[in-house]
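Examining the three-dimensional arrangement
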Amino acid sequence: MIRIPSSRSIRSIRRLISAVLFSLLLSVSVILFLSGSISCDKDIIRYAEFNPSYSALKKAMEIDIESFGTDHHLSWTDSLAYISARCYDDYSRYSEKDLSTLYSRIKSGEKMDRICSGLKNFNYYHEVYSAVLGGLLGEYEYTAEDNTVKKKYGLKAYLPIAEGFAYSEYDDFGASRSYGFKRRHLGHDMICETGTPVICIEDGTVECMGWNQYGGWRIGIRSRDKKRYYYYAHLRKNRPYHCDLSVGKNVSAGDVIGYAGRTGYSAEENVNNIETPHLHWGLELIFDESQKECDNEIWVDLYAVTRLLSSHRADVIRDPETKEFYHADASVQGAGKGLSG
Ligand SMILES: [Zn+2]
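Residues numbered from 1 in each chain as written. Predicted model: local features only at pLDDT ≥ 70, side-chain atom pairs only at ≥ 80, totals over all residues.

**Comments concerning the overall build of the protein**
Quick note on the threshold: Think of it this way: any DSSP run of H or I at least four residues long counts as a helix, any run of E at least two long counts as a strand, and we number them from the N terminus. Once C-beta atoms are placed from the backbone, each residue is buried if 20 or more other C-beta atoms lie within 10 Å of its own, exposed if 12 or fewer, and partly exposed for counts between those two. Throughout, a pair of residues is in contact if the C-beta atoms placed from their backbones lie within 7 Å.
Secondary structure summary: the protein contains seven helices and 15 strands in total. Across the 341 residues in the protein, those meeting the buried criterion constitute 35%. For the protein, contacts bridging at least 24 residues in sequence account for 66% of all contacts bridging at least 6.

**Structural notes on unusual backbone geometry**
Unusually for a residue other than glycine, Tyr 88 sits at a positive phi of about 55°. Mapped onto the elements of the fold, Tyr 88 is located in the loop between helix H3 (76-87) and helix H4 (96-107). Within the chain, Asp 89 stands out as a residue other than glycine whose phi angle is a positive 65°. For Asp 89, the position within the fold is in the loop between H3 and H4. With 16 C-beta atoms counted inside 10 Å, the residue Asp 89 sits in the partly exposed group.

**Description of the confidence of the model for the protein**
What counts here: pLDDT gives the predictor's per-residue confidence on a scale running from 0 to 100.
In this model, the protein carries a mean pLDDT of 88, and residues with pLDDT of at least 70 account for 84%. Taken together, the stretch residues 21-41 has pLDDT below 50 and engages in five contacts with residues farther than four places along the chain or on a different chain.

**Regarding the pairing of strand E7 (residues 204-212)**
Regular strands place side chains that alternate from one sheet face to the opposite one. Short version of the rule: Following DSSP output, two strands are said to pair if at least two bridges run between them.
Across eight bridges, E7 lies against strand E8 (residues 216-223) in antiparallel orientation. Residue pairing across strands places Gly 210 opposite Arg 218, the latter belonging to E8. Joining the antiparallel neighbours E7 and E8 is a turn of three residues. With two bridges connecting them, E7 and strand E10 (residues 250-251) associate as antiparallel partners. Note on E10: the bridge partner recorded for Gly 204 is Val 251.

**So, H4**
Since the α-helix turns once every 3.6 residues, residues separated by three or four places project in the same direction. Going by this rule: The length a helix should cover is 1.5 Å for every residue beyond the first. Here, the arc refers to the directions that run from the helix axis to the C-beta atoms.
Relative to the 16 Å expected for twelve residues at 1.5 Å per residue, H4 spans 17 Å between its end C-alpha atoms, a close match to the ideal helical length. Every buried residue of H4 is listed here: Leu 99, Leu 102, Tyr 103 and Ile 106. Projected onto a plane normal to the axis of H4, the buried residues spread over an arc of 100° and lie on a single side. Projecting away from the buried face of H4 at angles above 90 degrees are the exposed residues Lys 97, Ser 100, Thr 101 and Ser 104. Where H4 is buried, its residues touch helix H2 (54-67), H3 and helix H5 (112-116). Following H4 by one or two positions, Gly 109 adopts a phi angle in the positive range, close to 110°.

**Quick look at helix H6 (residues 122-133)**
Counted at 1.5 Å a residue, the expected span for H6 with its twelve residues is 16 Å, and the 16 Å between its end C-alpha atoms agrees. Turning to H6, its buried residues are Phe 122, Tyr 125, His 126, Val 128, Tyr 129, Ala 131, Val 132 and Leu 133. As for H6, its buried residues are in contact with H3, H5, strand E1 (137-143), strand E9 (228-233) and strand E12 (278-285).

**What to know about the packing of H2 against H4**
Defined as follows: Note on method: axes are straight lines fitted to C-alpha atoms, helices fitted across the in-contact stretch only, with angles between N-to-C directions ranging 0 to 180 degrees. Roughly parallel here means an angle under 35 degrees, roughly antiparallel means over 145, roughly perpendicular means 65 to 115, and every remaining angle is called oblique. Handedness of a crossing follows from how the near helix is turned relative to the far one, being left-handed for an anticlockwise turn of less than a right angle and right-handed for a clockwise one. When residues are sorted by character, Ala, Val, Leu, Ile, Met, Phe, Trp, Tyr, Cys and Pro go into the nonpolar class, Asp, Glu, Lys and Arg into the charged class, and all the rest, Gly among them, into the polar class.
Between H2 and H4, the least distance of the axes is 10 Å, while the angle of their chain directions is 20°. Considered as vectors, H2 and H4 are oriented roughly parallel to each other. Handedness of the H2/H4 crossing: right-handed. Of H4, the residues touching H2 (which contributes Ser 55, Ala 56, Lys 59, Ala 60 and Ile 63) are Glu 96, Leu 99 and Tyr 103. Its residues placed into classes, the contact of H2 with H4 shows five nonpolar, one polar and two charged.

**Quick look at the environment of Lys 152**
Assignment of secondary structure puts Lys 152 in strand E2 (residues 149-155). Sequence separation of Lys 152 and Glu 139 is 13 residues, and the distance between their C-alpha atoms is 5.4 Å. Not counting residues within four places of it along the chain, the set of residues in contact with Lys 152 comprises Tyr 140 and Tyr 142.

**Topic: the nonpolar core**
Counted only if it meets this: Note on terminology: a nonpolar core is a set of buried residues of type Ala, Val, Leu, Ile, Met, Phe, Trp, Tyr or Cys, with members joined through C-beta atoms within 7 Å. Reported domain spans reflect what an automatic or database domain assignment gives.
The biggest cluster of nonpolar side chains holds 72 residues, and the ones touching the most others in it are Ile 199 and Tyr 232. The dominant element in this core, judged by the number of residues it contributes, is H6, at seven residues. The residue makeup of this core includes at least three contributed by each of domain 1 (54-133) and domain 2 (156-333). Filtering out sequence-adjacent residues up to four positions away, Tyr 232 remains in contact with Pro 160, Val 198, Arg 218, Ile 219, Ile 257, Gly 258, Leu 279 and Trp 281.

**Here's the deal with the pairing of E8**
The buried fraction of E8 is high, at seven of eight residues. Sheet analysis places E8 next to E9, joined by four bridges and oriented antiparallel. Of the residues in E9, the one forming a bridge with Ile 219 is Tyr 232. The hairpin formed by E8 and E9 contains four residues between the paired strands, and Lys 226 there has a positive phi angle of roughly 70°.

Structure below.
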């Protein structure tokens, strides 16, 4: 005989099921929170690539500079985000005409927000490109040939290798590396002679100096807006850093910060275990401070950016007594001889 439960028993069972479900849900939430799957900043970008080609980057920059100060200014973060959204980030589908046409539309009075409304992923690319390129273009001062200080809007960041020093490179981002553990190469290598002055790419603050088993003697510099962390590695044995450099110091784009070498791949300090002298530079994007050091750090391909920066190199002068190099134009940045701050 089947016994029909009383309404009181049914309520008890319901309460029990609710309690079990609630406990389960709470436990899962706590686990997800602790594992980082849930955070207070749900909207931050957790994955990004930088794939615009050099030709697209150059053309977008030229349009940005040409239109700056006009009522039809087209910023390169806007135009590159538009292209990436349109070509699904596949730059083999990009042609220069795409940017020229966009520029013509802006010049004829169309507004960017109207052109991009409904364009999937535009906002995502825009945020990523604003982070990558945020410190490269802007107004800066320079010394003209007649020795007067002038202002200009353009490429204000510098190539990390000083003017007059040879280097070679290729796109080696993502290549396999096996020292220590199997991993991807998360930066850009510029092959050059030991002792080549290394230049600060963008204004910022020195966050880290010292030895690392992989990078050897290295420097980490954070941009002023905190979104970019520049990493310079494998610096020279015995004398890796510029004498004025220290953690916490403010540095200006164009300052000499150290010297290229071949240190690294050693748990022991000051060891030359890298075969070919080169500067490794990397760029980490930080949308939230929790991303600075984590399992999912965002490092981007710098090949196109480096090619672009090759048109802006810092002249350096050498102090024959100390053998230290200095940015020849440092006084313009208000830095005086050496580093600012
Ligand atoms: Zn490297």
